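Results of the structural survey
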Amino acid sequence: MTTKRIIFTAPGVAECVPGTLRDELRPGEVLTGTEFSAVSAGTEYDNLMNRPNVPQGYPKQLGYSACARVLAAADDVKGYRPGDRVLVYHGTHSANCIVSVGSDHTMLTPVLEGIDPLDASFVVIASMGVGGMRKLALEPGESCMIMGLGLLGIFALQFARLSGACPLIAADPKPERREKALEFGADYALDPTEPDFAEKVKSLTGGKGVNGIVEVTGVSAAMHSALDCAARMGRIALLGCTRESEGSIDYYQQVHRPGVRLIGAHNFIRPKHDSYPQHWTHQDDCTAIMRLILGGRMAVRPIISEVRPPEDAPDVYRRLAERTLPLGVAFDWTK
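Residues numbered from 1 in each chain as written. Predicted model: local features only at pLDDT ≥ 70, side-chain atom pairs only at ≥ 80, totals over all residues. Heavy atoms only, no water.

**Description of the sheet that holds strand β9 (residues 168-171)**
The following threshold applies: Here a strand pair is declared whenever DSSP counts at least two bridges between the two strands. Where helices and strands are cited, they refer to DSSP runs of H or I of at least four residues and of E of at least two residues respectively, numbered from the N terminus. Here, axes are lines fitted to C-alpha atoms. For helices the fit covers the stretch in contact, and angles between N-to-C directions go from 0 to 180 degrees. Any two residues whose heavy atoms approach within 4.5 Å are treated as being in contact.
Reading across the sheet, the six strands line up as β10-β9-β8-β11-β12-β13 and stay open at both edges, with parallel pairing between neighbours. With partners counted over all chains shown, the strands left at the sheet margins are β10 (188-190) and β13 (261-264), one partner each. When strand polarity is set aside, the average angle formed by the axes of neighbouring strands in this sheet is 20°. When strand β12 (residues 230-238) meets β13, the two strands line up parallel, connected through four bridges. In the sheet register, Ala237 faces β13, and the bridge partner there is Ile263. Its contacts with the sheet put helix α6 (residues 197-204) on β8 (144-147), β9, β10 and β11 (210-215), and the angle it makes with β10 is roughly 170°.

**Remarks on the packing of helix α3 (residues 123-134) against helix α4 (residues 151-162)**
Put simply, the rule is: Orientation labels follow simple angle bins: below 35 degrees gives roughly parallel, above 145 gives roughly antiparallel, 65 to 115 gives roughly perpendicular, and whatever is left gives oblique. Each helix crossing is assigned a hand: it is left-handed if the near helix lies turned anticlockwise from the far helix by less than a right angle, otherwise right-handed if that turn is clockwise. The nonpolar class holds Ala, Val, Leu, Ile, Met, Phe, Trp, Tyr, Cys and Pro. Asp, Glu, Lys and Arg form the charged class, and all remaining residues, Gly among them, are polar.
For the pair α3 and α4, interaxial distance at closest approach is 7 Å and the crossing angle is 55°. With respect to α4, the axis of α3 lies oblique. Once α3 is placed against α4, the crossing between them reads as right-handed. Residue-level inspection shows Ile125, Ala126, Met128, Gly129, Val130, Met133 and Arg134 of α3 in contact with α4, the latter providing Leu151, Leu152, Phe155, Ala156, Phe159 and Ala160. Here the contact of α3 with α4 is built from residues that sort into eleven nonpolar, one polar and one charged.

Right under this line is the structure:
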């Protein structure tokens with residue numbers, strides 16, 4: 001069958017082009033028709049620009065957070081019927097995807113009744129921010145800081161507030177993102193590039209430092225700042241993908257002696273089956289987020305800045321390459 005898709009063809013260059021998919025599904029596969037797919041700016045920037053620690057070379061396709069309709073399913077697939085609305089994890093920015101659901105069905109998650117499909121397209125991204133927060137095992141009344149206020153950071157911040165973080169500190173160099181964090185319930189929003197950043201953070205926590213930190217920037221300098229701000233026995237969840245490591249850490253003074261825990265929080269370390277404390281499955285986290293949205297406890301729509309047709313991909317990714325793309329951009333595949 002014919003379809004259309006967005007591909008990266010060179011550093012900073014994306015195109016919307018025709019494509020083809022197999023006409024027949026293999027066992028365990030589902031054909032989906034995309035409604036909306038969300039841009040994950042950090043990961044897609046790294047791949048668009050061919051940075052270290054990403055698959056090298058072109059062309060390549062990204063797009064791991066989408067909402068779609070099931071169009072067809074192989075005879076052996078249970079639980080999905082044509083017309084069902086689903087979240088697609090690790091599909092691509094394409095009008096259609098063939099998804100291998102496998103025995104654990106982790107690539108698809110049923111969308112709950114009442115969830116808007118545009119909101120749903122951001123839920124997979126949201127699950128990563130929430131998953132990073134879970135790793136901290138934050139208790140009500142503990143201080144928390146979110147470093148980096150892109151999509152993952154804003155969702156992590158919402159979950160930190162629900163978890164009872166106090167004070168809840170947000171950090172990002174961009175003033176518009178700091179303002180957004182305050183709208184979502186942060187008690188304080190600071191610029192981490194200021195020379196007295198760590199001193200300000202410690203003053204907001206009674207001089208003790210922060211109990212739980214989610215580092216979402218993927219920038220080495222931010223990791224050093226996180227260590228400077230951590231409390232004794234503090235925890236730092238490394239949610240951002242650090243592609244390049246710079247500088248050195250004094251592990252004795254900054255980690256070992258104060259008992260700070262560094263927790264790898266990549267989404268791939270989730271259990272495939274059976275959630276347990278601090279480690280929920282992908283599907284369970286996505287379902288929990290949709291319930292929180294339906295209950296008015298988490299929000300997606302205020303984060304969305306632009307909804308563009310896929311034909312606008314060259315402009316969208318040109319601005320991403322220039323680091324001028326706003327927060328919350330999605331492609332509309334329905335027209």
